[in-house]
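The residues making up each chain are set out below.
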Amino acid sequence: MSTPATATRLRSFGTSIFAEITQLATEHGAVNLSQGFPDFDSPEFLKQAARHAIIVGNNQYARTQGMPRLNEAIAGWFRRFGGRPVDPHDEITVTSGCTEALAACCLGLLEPGDEVVVFEPYYDAYLPDLAMAGAVPRFVTLHAETDGSFAIQEDELRAAFGARTRAVILNTPHNPTGKVFSREELAMIAALCIEHDAIVIADEVYERLTYDPDKPHISIATLPGMAERTVVLSSLGKTFSVTGWKIGWAIAPPHLTAGVRAAHQFLTYATSTPLQHAAADALSGVKAQAYVTELTALYADRRRFLCDELRDLGFGVNEPEGTYFIMADHTAISERLGLSGDIEFCRWLTTEAGVATIPPSVFYTNKAEGERLLRFAFCKRQKTLYAAIWRMRRALT
Ligand code: PMP
Ligand code: GLN
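My aim in this report is to walk through the structure given alongside it, one point at a time. A quick note: this is a predicted structure, and the numbers were derived from the prediction, not measured. (Residues numbered from 1 in each chain as written. Chains lettered and ligands numbered in written order. Predicted model: local features only at pLDDT ≥ 70, side-chain atom pairs only at ≥ 80, totals over all residues. Heavy atoms only, no water.)

**Some details on the overall build of the protein chain**
Phase 1: Scanning the protein chain for helices and strands turns up 14 helices and 14 strands.
Phase 2: For a compact globule of 397 residues, the expected C-alpha radius of gyration is about 21 Å, and the protein chain comes in at 21 Å, within 12% of that figure.
Phase 3: In terms of overall dimensions, the protein chain has a C-alpha envelope of 60 × 60 × 55 Å along the principal axes.
Phase 4: In the protein chain, buried positions account for 57% of the 397 residues.
Phase 5: Sequence-distant contacts, at least 24 apart, represent 74% of the contacts inside the protein chain between residues at least 6 apart.
Phase 6: Accessible surface for the protein chain amounts to roughly 16,200 Å². Of this, 52% is attributable to carbon and sulfur atoms. (Helix = DSSP H or I, 4+ residues; strand = E, 2+ residues; numbered from the N terminus. Rg over C-alpha atoms; globule rule 2.2 N^0.38 Å. Buried < 20%, exposed > 50% of the residue type's maximum accessible area, 1.4 Å probe, protein only. Contact = heavy atoms within 4.5 Å. Areas by Shrake-Rupley, 256 points an atom, 1.4 Å probe, with all protein chains shown as cover.)

**Describing the sheet that holds strand β4 (residues 136-141)**
Phase 1: The seven strands lie next to each other as β2-β10-β9-β8-β7-β3-β4, forming an open sheet whose pairing is mixed. The open sheet terminates on both sides in strands that have one partner only, identified here as β2 (92-95) and β4. Neighbour to neighbour, the strand axes of the sheet diverge by 20° on average, direction disregarded.
Phase 2: Pairing of strand β3 (residues 115-120) with β4, which is carried by six bridges, proceeds in the parallel orientation. (Pairing = 2+ DSSP bridges. Axes fitted to C-alpha atoms, helices over the stretch in contact; angles between N-to-C directions.)

**Structural notes on the site of ligand 1**
Phase 1: Around ligand 1 lies a shell formed by Gly-97, Cys-98, Thr-99, Tyr-123, Asn-171, Asn-175, Asp-203, Val-205, Tyr-206, Ser-235, Lys-238 and Lys-246.
Phase 2: The side chain of Tyr-206 places a nitrogen or oxygen atom 2.6 Å from an oxygen atom of ligand 1.
Phase 3: When the free accessible area of ligand 1 is taken as 400 Å², the share hidden by the protein chains comes to 92%.
Phase 4: Looking at which element gives the most residues to the shell around ligand 1, the answer is helix α5 (residues 97-109), with three residues. (Near = heavy atom within 4 Å. Polar contact = N/O pair within 3.5 Å; in protein donor to acceptor, adjacent residues only side chain to side chain.)

**Concerning the nonpolar core**
Phase 1: In terms of nonpolar packing, the biggest core is built from 105 residues, with Leu-236, Phe-240, Phe-315, Phe-376 and Met-392 touching the most fellow members.
Phase 2: When residues no more than four places from it in sequence are discounted, the contact partners of Phe-315 are Leu-310, Ala-328, Asp-329, His-330, Ile-333, Phe-345, Leu-374, Phe-376, Met-392 and Leu-396.
Phase 3: One finds Ala-144, Phe-150, Met-188 and Leu-192 within the second-largest nonpolar core, a separate group that totals 29 residues. (Core = buried A, V, L, I, M, F, W, Y, C linked by side-chain atoms within 4.5 Å.)

**A few points about a nonpolar patch on the surface**
Phase 1: Taken together, Leu-107, Met-132 and Leu-267 make up a surface patch of nonpolar side chains, about 230 Å² in accessible area.
Phase 2: As for its position among the elements, Leu-267 is in helix α9 (residues 254-267). (Patch = residues over 30% accessible without salt bridge, like charges linked within 9 Å, V, L, I, M, F, W, Y side chains within 5 Å. Salt bridge = Lys/Arg side-chain N within 4 Å of Asp/Glu carboxyl O.)

**A look at the site of ligand 2**
Phase 1: Surrounding ligand 2, one finds Phe-18, Gln-35, Gly-36, Tyr-123, Asn-175, Tyr-206, Lys-238, Phe-325 and Arg-375.
Phase 2: Interatomic distance of 3.4 Å between a side-chain N/O atom of Tyr-123 and a nitrogen atom of ligand 2.
Phase 3: At 2.6 Å, a side-chain N or O of Arg-375 approaches an oxygen atom of ligand 2.
Phase 4: The protein chains hide 80% of the 290 Å² of surface that ligand 2 would expose on its own.

**Focus: the packing of aromatic side chains**
Centre-to-centre distance and the angle between the planes together describe a pair of aromatic rings.
Phase 1: Under the defined criterion, the tally for this structure stands at 21 aromatic pairs.
Phase 2: Residues Tyr-211 and Phe-378 carry aromatic rings whose centres are separated by 6.2 Å and whose planes lie at 55° to one another, so their mutual orientation is tilted. Within this pair, whereas Tyr-211 is found in the loop between β8 (199-203) and β9 (230-235), its partner Phe-378 is found in the loop between β14 (373-377) and α14 (382-396), the two being separated by 167 residues in sequence.
Phase 3: Relative accessible area serves as the criterion here: at 13%, Tyr-211 is assigned to the buried category.
Phase 4: Accessibility expressed as a relative area gives 0% for Phe-378, which makes it buried.
Phase 5: Over the face of the ring belonging to Phe-181 we find Lys-179, whose NZ or CZ atom lies 5.1 Å from the ring centre. (Phe/Tyr/Trp six-rings, centres within 6.5 Å; stacked < 30°, edge-to-face > 60°. Lys NZ or Arg CZ within 6 Å of the ring centre and 35° of its normal.)

**As for the pairing of β9**
Phase 1: Of all the six residues making up β9, six are buried; the element is thus mostly covered by neighbouring parts of the structure.
Phase 2: Residues of β9 alternate between two faces, with Thr-230, Val-232 and Ser-234 on one and Val-231, Leu-233 and Ser-235 on the opposite face, all of them buried.
Phase 3: Here four bridges tie β8 to β9, and the two strands are oriented parallel to one another. Residue Asp-203 lies in a different strand from β9, and its bridge partner there is Leu-233.
Phase 4: Across four bridges, the pairing between β9 and strand β10 (residues 248-251) is antiparallel. Its bridge partner lying in β10, Ser-234 is registered against Trp-249.

See the structure below:
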């Protein structure tokens, strides 16, 4: 065949950076601080719940919108941790990870030509999802400030909204910057959404991974006037260290849930039945809360350790407020080595130092904003972090 088989709308996106760097890391035996997945085991009580669900025979298709007991557990979880009371059966859809929920929102709620405000750096699935729906992104940059924080400029945000704006994709806590949006920032976004009658697709997968008591996670759905125009997305993966389970959900009022389900029923119809049972146990049991408290304390330590060590190596680092990622300015080091840009430095660090990271310029349309940064994932065993620092110290000093 002379023409490429991949559909035009997806051709420009190539291979996901996570797959590409993880493969490069494997080829070079590098310590992998690139893709965000824990390299330690998942909690025992969850593994047992999944095993039990399979053994007792919960192995056929689930209800398309989710097993009733999981929908109920999600409603309880959302209400307890900063959300709002929701009807478990009319306002919650269980999906195959947040990734499927994102696609279902775009395909089920957007028309071709609709404009969608997207903050950059963005999570890599957002643009392909919009392209599949025929929607058009309008970018607002989270500018890296000299103090290491990432800020929205109000005039830039306002300028991104127009007559065709249908939605905003908002990720807080934010991957890759680690930013937790403040109430004031959320209020600014909410006011523009209300003014332009736009909805929010709120990606809150890192909802429980925050480290600063002064910067708690706030769901935009809880701001005045926003419940009726927000779809909150989350998943089990980050909170319970089971990224491979792909159990996610979309919480929205019935008129928006209808659109999400219109797409979900034909994307996957339903999500893995035994894992939904295990997820229901996870979200409703007391062990769950103890696990999350322990995990956040552990991540807070790893975050501090990696930030201190990176700073010591000459990176410019600010401690992230949430997620399990650190954005580090590499320019002082890469300039000394005669390397330019994040992609070149990331490749060098993987192949020569044996430490894999993510070059964040791939998450920007305005590439220059991300070129001086590297993303490190700290959702790893302490010994993995020691190994990474030891290797970098050997290569850089
Ligand atoms: N959104 C963001 C911001 C993420 O970091 C991730 C995790 N890679 C996802 C969505 C996808 O979540 P899931 O693994 O539940 O599909
Ligand atoms: N969310 C993870 C990250 O940002 C990776 C997800 C994936 O591999 N698709 O690293």
